[in-house]
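# Structure assessment
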Amino acid sequence: MSDGNAVLPWLVIRQDTNGNRYRVGRYATRTEAQEVADRLEGQGQEQLYVVERTAATRQSG
């Protein structure tokens, strides 16, 4: 089984104290992404976790 066609428009981005940004994961809903970001922020590290929506992409068909 493959999730190759899954639509995952919500990103969790980690930004460190130097301003470097890294994608943590992609999620189907904003709620799911926010829950992950909140859980990671709750670990007490100095990174900032933000939720962003990816740009819409078109699928050819």
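Residues numbered from 1 in each chain as written. Predicted model: local features only at pLDDT ≥ 70, side-chain atom pairs only at ≥ 80, totals over all residues. Heavy atoms only, no water.

The protein carries the name SPOR domain-containing protein in an unreviewed UniProt entry, which gives Streptomyces niphimycinicus as its organism.

Another point: a negative patch on the surface. Together, E32, E35, D38 and E41 make up a negatively charged patch on the protein surface. Among the structural elements, E32 can be located in helix α1 (residues 30–41). By relative accessible area, which is 35% here, E32 ends up partly exposed. (Patch = residues over 30% accessible without salt bridge, like charges linked within 9 Å, V, L, I, M, F, W, Y side chains within 5 Å. Areas by Shrake-Rupley, 256 points an atom, 1.4 Å probe, with all protein chains shown as cover. Salt bridge = Lys/Arg side-chain N within 4 Å of Asp/Glu carboxyl O. Lys, Arg positive; Asp, Glu negative; His and termini not counted. Charge placed at Lys NZ, Arg CZ, Asp CG, Glu CD. Helix = DSSP H or I, 4+ residues; strand = E, 2+ residues; numbered from the N terminus. Buried < 20%, exposed > 50% of the residue type's maximum accessible area, 1.4 Å probe, protein only.)

Now for the environment of D16. Tracing the chain through its elements places D16 in the loop between β1 (10–15) and β2 (21–27). As for D16 and Q45, which are separated by 29 residues in sequence, their C-alpha atoms are 9.5 Å apart. The contact partners of D16, leaving out residues within four places of it in the chain, are Y22 and Q47. Side-chain polar atoms of D16 contact the backbone nitrogen of N18, separated by 2.9 Å. (Contact = heavy atoms within 4.5 Å. Polar contact = N/O pair within 3.5 Å; in protein donor to acceptor, adjacent residues only side chain to side chain.)

Another point: the UniProt feature "domain: SPOR" (unreviewed entry) in the protein. In the numbering adopted here, UniProt assigns the feature "domain: SPOR" (unreviewed entry) to residues 11–46. Between the C-alpha atoms that bound residues 11–46 the distance is 19 Å, and the span itself is 33% helix and 33% strand. (UniProt positions renumbered as here; feature names shortened; annotations may be inferred.)

For the rest of this paragraph, the subject is the pairing of β1. Here 6 bridges tie β1 to β2, and the two strands are oriented antiparallel to one another. Looking at the pairing, W10 lines up with Y27 of β2. Connecting the antiparallel pair β1 and β2 is a turn made up of 5 residues, with G19 showing a positive phi of about 90°. Two elements, β1 and strand β3 (residues 48–53), share 6 bridges in a ladder whose sense is antiparallel. Residue pairing across strands places L11 opposite E52, the latter belonging to β3. (Pairing = 2+ DSSP bridges.)

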